[in-house]
Amino acid sequence: MRVPLRLMALLAALASTAPVPAAAEGGPAWEACVGLASTPGERVKACSTVIDTRSESRQRLAGAYCNRGHGLTEKRELDAALSDLDESVRLDPGYACAYNNRGRVYSFKRDYDRAIAEYDQAIKLDPSLALAYSNRGESRFNKGDLDGAIADFDAAIKRDPNYVTAYANRGFVYARKHDTAHALADYSMRIKLAPDLIAYIDRGNVYRDSEQFDRAAADYGEAIRVAPTDARGWRNRGMIRLYRGDNKGGLADYDKALQYDPSDVFSWNNRGQARLRLGDRQGAIADFRKALELRPGLPSAHDALQKLGALTREP
């Protein structure tokens, strides 16, 4: 959902709500313009070709502008995207896709009131568009309206019971409200539908925050299983192992985390703690110093070095 927090970025409406051509009318540029598999750069290029030919109907041209606006939004060229989406609305004022995508641009600009107004219009034009409800829930969340956000995610799920992002976002909001039971239910449904790294980490975080450490460690272990070269599963499980006093296990996990992400300051700091607990004073000092190098003034690393008498001199 975010932008400022941990919610997932939402995809704008593409071929599912764009005018779909008959096979004979298409062509490679049109197919790439509306195709879900196109990258943002490919979509912008293909839709530009469609627009430049000026051979499409008014409705299909509105679709090309809407989808090029989507590609530009993904590239964070927001003013150019807004210009395209304005043109899509001008060409076809009844086209829900353009309002939905324009709302997303305003959301990225943090103009949440205007984003909500755009999603309102998209929903008015197409009350079945689950994506617009989910996007509106994102903007309501970003305004601090947690109950309004949940109501919108409810509406999105009602219209599409397999909408993974809506479950993930609603679970996140429930977690923010400290409603552990509902958060776990939503994250579990998300895992059932799409068991990826982030799904396991998000549910693991709820277990961690509710001090269900065995279940948290199990979810982080699943994250490691599905994405063994991603540092996030390793460092989250490492933290749980340190919580539980398994210092050797925590050290091993932070070794892996730093192998895959050597820029993470907290992995250096926490590995330093594991080494200190295991009696490796020199290794701990080295790790705390690396943490301070990456983030000068980090209190935990600073205090640890000060206690070790190693704050300003080599060990």
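In what follows, the structure referred to is the one given above.
Read on for a plain summary of the structure. Bear in mind that the values here come from a model prediction, so they are computed numbers and not experimental data.

Attention shifts here to the overall build of the chain. The secondary structure content of the chain amounts to 17 helices and zero strands. Oriented by its inertia axes, the alpha-carbon framework of the chain measures out at about 75 × 40 × 35 Å. Within the span of the chain, comprising 315 residues, buried residues form 52% of the whole. Across the chain, contacts joining residues at least 24 apart in sequence account for 48% of those joining residues at least 6 apart.

To continue, consider the state of the cysteines. Under the defined criterion, the tally for this structure stands at two disulfides. The disulfide partner of C33 is C47, and the gap between their sulfur atoms is 2.0 Å. Looking along the S-S bond of the C33-C47 disulfide, the torsion reads about 100 degrees, which is the right-handed sense. Residue C33 is located in helix α1 (residues 28-34), and its partner C47 is located in helix α2 (residues 40-53); the two are separated by 14 residues in the primary sequence. Judged by its relative accessible area of 0%, C33 is buried. You can call C47 buried: its relative accessible area is 0%. Counting only the cysteines that form disulfides, in the order they appear in the chain, gives the pairing 1-2, 3-4.

What follows concerns the packing of helix α4 (residues 78-91) against helix α5 (residues 96-108). The geometry of a pair of packed helices is captured by two quantities: the angle between their axes and the separation between those axes. The contact between α4 and α5 brings their axes to 9 Å, and the two run at 155 degrees. Between α4 and α5, the angle falls in the class roughly antiparallel. Crossing handedness for the pair α4 and α5: left-handed. Contacts from L78, A81, L82, L85, D86, S88 and V89 of α4 reach α5 at A98, Y99, N101, R102, V105, Y106 and F108. Partitioning the contact of α4 with α5 into residue classes produces 10 nonpolar, two polar and two charged.

If you trace the backbone, L131 turns up in helix α7 (residues 130-142). L131 sits in the buried class, given a relative accessible area of 13%. In sequence terms L131 and Y163 are 32 residues apart; their C-alpha atoms lie 8.8 Å from each other.

Our focus in this paragraph is helix α9 (residues 164-176). With 13 residues, α9 ought to run about 18 Å at 1.5 Å a step, and its terminal C-alpha atoms sit 19 Å apart, in line with that. Taken together, the buried positions of α9 are occupied by T165, A166, Y167, A168, N169, R170, G171, F172, V173 and Y174. Against the buried residues of α9 lie α7, α8 (146-159) and α10 (180-193). H178 sits one or two residues past α9 and shows a positive phi near 60 degrees.

Even without glycine at this site, R76 takes up a positive phi of about 60 degrees. Locating R76 in the fold gives a position in the loop between α3 (58-74) and α4. A relative accessible area of 43% places R76 in the partly exposed class.

Here we take up the packing of aromatic side chains. Applying the stated criterion across every chain yields a total of two aromatic pairs. Measuring from ring centre to ring centre gives 5.7 Å for F141 and F172, while their planes differ by 70 degrees; the resulting arrangement is edge-to-face. One end of the pair, F141, is in helix α7; the other, F172, is in helix α9, and 31 residues separate them in sequence. Grouping residues by exposure puts F141 and F172 together as buried. Summarising the aromatic geometry, the rings of F213 and Y243 are spaced 5.4 Å apart at their centres and angled 45 degrees between planes, so their arrangement reads as tilted. On the criterion of sequence distance, the pair formed by F213 in helix α12 (residues 213-226) and Y243 in helix α13 (residues 231-243) is long-range, its members being 30 residues apart. For F213, a relative accessible area of 24% translates into the label partly exposed. The ring of W30 is capped by R60, whose NZ or CZ atom sits 4.2 Å from the centre of that ring. The ring of F108 carries the charged tip of R76 above its face, separated from the ring centre by 3.9 Å.

Within the largest apolar cluster, 43 residues are counted, with the highest numbers of intra-cluster contacts made by C33, A64, C66, Y95, V105, A156 and Y163. Setting aside residues up to four positions removed in sequence, Y163 forms contacts with A130, L131, S134 and A156. Core analysis: the next-biggest nonpolar cluster, separate from the first, contains 23 residues, Y174, Y187, A199 and Y207 among them.

Quick notes on the rules
- Residues numbered from 1 in each chain as written.
- Predicted model: local features only at pLDDT ≥ 70, side-chain atom pairs only at ≥ 80, totals over all residues.
- Heavy atoms only, no water.
- Helix = DSSP H or I, 4+ residues; strand = E, 2+ residues; numbered from the N terminus.
- Buried < 20%, exposed > 50% of the residue type's maximum accessible area, 1.4 Å probe, protein only.
- Contact = heavy atoms within 4.5 Å.
- Disulfide = S-S within 2.5 Å.
- Axes fitted to C-alpha atoms, helices over the stretch in contact; angles between N-to-C directions.
- Parallel < 35°, antiparallel > 145°, perpendicular 65-115°, else oblique.
- Left-handed = near helix turned anticlockwise from the far one by under 90°.
- Nonpolar A, V, L, I, M, F, W, Y, C, P; charged D, E, K, R; others polar.
- Expected span 1.5 Å × (residues − 1).
- Phe/Tyr/Trp six-rings, centres within 6.5 Å; stacked < 30°, edge-to-face > 60°.
- Lys NZ or Arg CZ within 6 Å of the ring centre and 35° of its normal.
- Core = buried A, V, L, I, M, F, W, Y, C linked by side-chain atoms within 4.5 Å.

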